[in-house]
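A closer look at the structure
Here is how the chains run, residue by residue.
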Amino acid sequence: MNTLFLVCFLVGLSLSVVSFVSGLDRINVFDQIFGHGHHVRVHVKHSARVSPFNMAAITAFLTWFGGAGIVLQQVTRLGAPLLIVISAVAGIAGGSVINRFLRSLMRREKPLEASTIVGKIAQVTSSIREGGTGEIVYSLHGTRHAEAARAESGASIDKGSQVVVVRHEKGIAYVSTWDELAN
């Protein structure tokens, strides 16, 4: 019996570390097996849904089951059936604690927003000379940014013109006017 508890504890602990480091703790085991195919990450945007049978909960169950079994076997004279039941309750409690912790973390998660400026509408704040460089201002994530800019066509663009960023290379935004984009 001691071997069972020791193996469960060591396997659970090592898999907990591996799954946490690698991101496997977010896989919902039974959703994958029964064909639902839903990941926790898919639901993060909408709700803090955590399947009770995810890798983190399963490895936590194994760790707590094994650890409680070892401790109870060493400090009590309980019979094997009662020892297994109490250890299983401890394992379920450990899995529940981990799921609650994950759920609390997921409530604070937000989807990653795009950080590219390609496609952004900007305003020319310093005229772009023909074949030269000027400056544009645009808003990204609610913050105002200034960037060096060149006209994609090489033509000049007057200060105050509204432009669209068509590409971004080496810290310089290449822009086009609405008229150039329409043609």
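Report follows, based on the coordinates. (Residues numbered from 1 in each chain as written. Predicted model: local features only at pLDDT ≥ 70, side-chain atom pairs only at ≥ 80, totals over all residues. Heavy atoms only, no water.)

Things to note about the sheet that holds strand E4 (residues 162-169)
As a general point, the strands of a sheet are linked pairwise by backbone hydrogen bonds and lie either parallel or antiparallel. Strand order in the closed barrel formed by 5 strands is E1-E2-E3-E5-E4, and the pairing between neighbours is mixed. Between one strand and the next, the sheet's axes are offset by a mean angle of 55 degrees, whatever the strand orientation. (Pairing = 2+ DSSP bridges. Helix = DSSP H or I, 4+ residues; strand = E, 2+ residues; numbered from the N terminus. Axes fitted to C-alpha atoms, helices over the stretch in contact; angles between N-to-C directions.)

Some points on the side chain of Ser 176
Tracing the backbone through its elements, the reader meets Ser 176 in strand E5 (residues 172-177). Residue Ser 176 is classed as buried on the basis of its relative accessible area, which comes to 7%. Sequence-distant contacts of Ser 176, defined by excluding residues within four places in its chain, comprise Glu 152, Val 163, Val 164, Val 166 and Leu 181. (Buried < 20%, exposed > 50% of the residue type's maximum accessible area, 1.4 Å probe, protein only. Contact = heavy atoms within 4.5 Å.)

Points about the side chain of Ser 87
Position of Ser 87 relative to the elements: it lies in helix H5 (residues 80-107). Since its relative accessible area comes to 0%, Ser 87 is described here as buried. Those residues in contact with Ser 87, other than ones at most four positions away along the chain, are Phe 5, Phe 65, Ala 68, Gly 69 and Leu 72.

Examining the nonpolar core
One finds Ile 128, Ile 136, Ile 157, Val 163 and Val 175 to be the most contacted residues of the largest nonpolar core, which totals 14 residues. Sort the elements by how many residues they give to this core and strand E2 (residues 134-140) lands first, with 3 residues. In contact with Ile 128, other than residues within four places in its own chain, are Thr 133, Gly 134, Ala 149, Arg 150, Ala 151, Ala 155, Ser 156, Ile 157 and Val 175. Judged by nonpolar contacts, the second largest core, of 5 residues, contains Cys 8, Phe 65, Leu 72 and Leu 83. (Core = buried A, V, L, I, M, F, W, Y, C linked by side-chain atoms within 4.5 Å.)

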